Amino acid sequence: MRNVTGARCVRCGRVYPAEPGITTCECGGILDIEYDYDYIKTKLTKDILAGRRTTSMWRYRELLPVEEGTPETPLRVGWSPLYEEPALAAKLGLRRLWVKDDGLNPTGSLKDRASAMAVAKAGETGAKVIACSSTGNAASSLAGNAAAAGLASYIFVPERAPKGKVAQLLTFGATVVSVQGDYEETFELSRQAIDRWGWYNRNAAVNPYLSEGKKTCSLEIMEQLGWQVPDYVAVSVGDGCTISGIWKGLKDLYAIGFIDHLPRLISVQAKGCCPINRAVEFEEDLRPMKEDTIADSIAVGVPRNPDKAIQAIRESGGLVANVTDQEIMDAQKLLGHSCGIFGEPAGVAAAAGVAKLCRDELLGENDSVVTIVTGNGLKDVANAIKFSGEPIRVPSDMDRLLQEFDRLDIHPER
Ligand SMILES: *Cc1c(COP(=O)(O)O)cnc(C)c1O
Ligand SMILES: [Zn+2]
């Protein structure tokens with residue numbers, strides 16, 4: 001990989017050659033892929049990019065840690081829409097607001113970006129089997145992207161993973177192990193199994209290539225904005241790999257001169273599980289927390305990637321927001337009503353955080369914000385059903401319909 005110089009430990013600084021199978025540093029720290037930006041600048045310009053036909057994450061190949069001959073993965077991952085939402089911006093009191101709908105990826109979440117990268121790297125090692133533990137979306141995205149590429153997958157999920165997500169990965173043909181325990185215990189069993197059988201490891205906090213896949217989300221955001229930098233980018237945070245990937249993409253673009261400054265990050269967690277935000281807010285070491293939220297995809301009491309995430313939030317001069325389950329479900333409705341976008345609870349948590357920061361006047365009429373919807377609402381219909389209300393029930397009888405409309409003060413003619 002001519003564009004990559006190595007993989008540096010974020011804790012002790014040791015640099016390793018960027019082999020496809022690397023995981024964490026000897027000291028236990030997480031590795032970060034480093035690039036030769038001077039070289040990349042000679043290969044990638046805004047004009048070259050503008051003329052490129054590829055509408056997937058592989059559009060940004062020069063900024064990705066893959067060998068020249070590595071094939072693009074088969075599913076169309078990335079290049080999700082970025083919608084400007086002036087009505088919602090006005091409602092919240094923001095100058096400008098955009099929603100990046102990453103729930104429209106092939107398996108319905110931003111995780112597809114990391115899984116496609118894992119499948120590409122597994123291919124480079126010659127591995128035929130790939131494995132991970134996940135709260136759900138990493139799993140289904142791995143299962144889907146592996147199936148498309150002809151790889152077998154072993155997936156470890158905690159027992160509380162929503163049924164729809166489990167059905168999705170069984171449909172993709174994965175071998176699914178439902179661990180009777182929390183995410184921490186699930187991760188530990190997957191770690192032992194991966195060691196034992198030598199599978200390619202798609203655990204995002206261990207495999208440094210995965211956040212390089214996730215960073216394509218912010219590369220796209222900036223290209224879609226015509227390289228005009230927003231004030232803030234809001235992300236929901238569990239393990240912390242997504243937000244650190246988003247930050248990495250932004251820093252890459254700054255390093256090659258595509259943007260002239262960096263936005264600030266908004267890290268959103270659930271009030272019932274916010275160990276990363278708590279560490280940032282109170283400038284203390286990370287302490288584990290219980291996993292008490294309906295936003296299952298960000299219910300991570302012992303985050304696996306706190307170092308990179310906390311560093312990213314601090315470095316960006318970012319804001320943190322912790323949102324209640326009710327605020328999350330209000331945001332689900334708000335995005336649905338105002339934008340026609342249906343996100344799962346963790347997927348709309350960032351928007352809930354933005355709404356909260358607006359109410360607290362930490363964001364306002366001078367600010368422009370991009371909020372990322374990280375997962376599709378169809379992933380977790382059970383919670384949507386609980387919070388979305390009831391339809392109007394009538395027999396097939398126009399008089400009864402008129403009666404009900406009357407009773408509910410609905411005026412269809414207006
Ligand atoms: C995984 C996930 C997140 C958070 O990503 P982390 O890397 O765990 O911080 C947010 N939203 C959804 C829908 C996810 O699946
Ligand atoms: Zn180290």
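To be clear, the structure that these remarks concern was listed above.
Rules of the game
Residues numbered from 1 in each chain as written. Chains lettered and ligands numbered in written order. Predicted model: local features only at pLDDT ≥ 70, side-chain atom pairs only at ≥ 80, totals over all residues. Heavy atoms only, no water. Near = heavy atom within 4 Å. Polar contact = N/O pair within 3.5 Å; in protein donor to acceptor, adjacent residues only side chain to side chain. Areas by Shrake-Rupley, 256 points an atom, 1.4 Å probe, with all protein chains shown as cover. 1 Å grid on protein atoms, 1.4 Å probe; cavity = no way out; pocket = protein on both sides within 12 Å on 5 of 7 lines; lining within 4 Å. Sits in = over half its atoms within 2 Å of the grid points. Nonpolar A, V, L, I, M, F, W, Y, C, P; charged D, E, K, R; others polar. Donors = N, O, S within 2.8 Å, 3.2 Å for Na, K, Ca; no water. Helix = DSSP H or I, 4+ residues; strand = E, 2+ residues; numbered from the N terminus. Buried < 20%, exposed > 50% of the residue type's maximum accessible area, 1.4 Å probe, protein only. Points joined across faces, edges and corners; volume = space filled by probe spheres on them. Pairing = 2+ DSSP bridges. Contact = heavy atoms within 4.5 Å. Core = buried A, V, L, I, M, F, W, Y, C linked by side-chain atoms within 4.5 Å.

Lys111, Asp239, Gly240, Thr242 and Thr374 are the nearest of the 16 residues found near ligand 1. Between ligand 1 and Ser236 there is a distance of 3.4 Å, counted from a nitrogen atom to a side-chain nitrogen or oxygen. The contact in question runs from an oxygen atom of ligand 1 to an N or O atom on the backbone of Asp239, over 2.8 Å. Taking 380 Å² as the accessible area of ligand 1 by itself, protein coverage stands at 97%. Cavity membership is defined here by more than half of the atoms lying within 2 Å of grid points; on that basis ligand 1 lies in the largest cavity. Taken together, the residues that form the shell around ligand 1 break down as four nonpolar, eight polar and four charged.

Before going further, it helps to examine the coordination of the zinc ion (ligand 2). Of the protein atoms, only Cys9 (SG), Cys12 (SG), Cys25 (SG) and Cys27 (SG) coordinate the zinc ion (ligand 2), at distances of 2.3 Å. The sequence pattern formed by the donor residues of the zinc ion (ligand 2) is C-x2-C-x12-C-x1-C. Placement of Cys9 in strand β1 (residues 4–9) and of Cys25 in the loop between β2 (15–16) and β3 (31–35) is noted, with a sequence separation of 16 residues between them. The two residues Cys9 and Cys25 agree in class, both being buried.

Moving on, we get to empty space enclosed by the protein. This structure, assessed with the given rule, holds two cavities of 30 Å³ or more. Taken as a whole, the largest cavity holds about 350 Å³ of empty space. Of all the elements in the fold, those that place two or more residues in the lining of the largest cavity are α5 (137–149), α7 (183–197), α10 (241–255) and α14 (345–359). The greatest single-element share of the lining of the largest cavity, amounting to three residues, is contributed by α10. Taken together, Leu88, Leu92, Leu97, Ala331, Leu334, Leu335, Ala351, Val354 and Thr371 form the lining of the second largest cavity. With three residues, helix α13 (residues 325–339) is the single largest residue contributor to the lining of the second largest cavity. Across the lining of the second largest cavity, the residue classes tally to eight nonpolar, one polar and no charged.

By the criterion of burial, strand β5 (residues 96–101) is predominantly enclosed, with five of the six residues buried. Strand direction decides the pairing type here: strand β4 (residues 82–84) and β5, joined by three bridges, are antiparallel. Across the sheet, residue Glu84 finds its bridge partner in β5, namely Trp98. Bridge count between β5 and strand β13 (residues 368–373): six bridges; the pairing is parallel. Across the sheet, Lys100 pairs through a bridge with Ile372, a residue of β13.

Attention now goes to the environment of Arg76. With respect to the element layout, Arg76 can be found in the loop between α2 (46–50) and β4. For the pair Arg76 and Ala87, spaced eleven residues apart in the sequence, the C-alpha separation amounts to 30 Å. Separated by 2.5 Å, the side chain of Arg76 and the backbone oxygen of Gly78 make a polar contact.

Taken across its five residues, strand β12 (residues 319–323) has five buried, putting it largely inside the fold. Here β12 shows a buried face lined by Leu319, Ala321 and Val323 and a second buried face lined by Val320 and Asn322.

Turning our eyes to something else, we now look at the environment of Asp231. Note on placement: Asp231 falls in the loop between α9 (216–224) and β10 (232–236). The spatial distance from the C-alpha of Asp231 to the C-alpha of Ala90 is 16 Å, given a sequence separation of 141 residues. Each residue touching Asp231, except ones within four places of it in the same chain, is listed here: Arg95, Pro263, Arg264, Asn366, Asp367 and Ser368.

Of all hydrophobic cores here, the largest spans 79 residues; its most connected members are Ile130, Ile155, Met222, Ile246, Leu253, Leu265 and Ile372. Take this core: its biggest share by element is seven residues, from helix α4 (residues 111–125).

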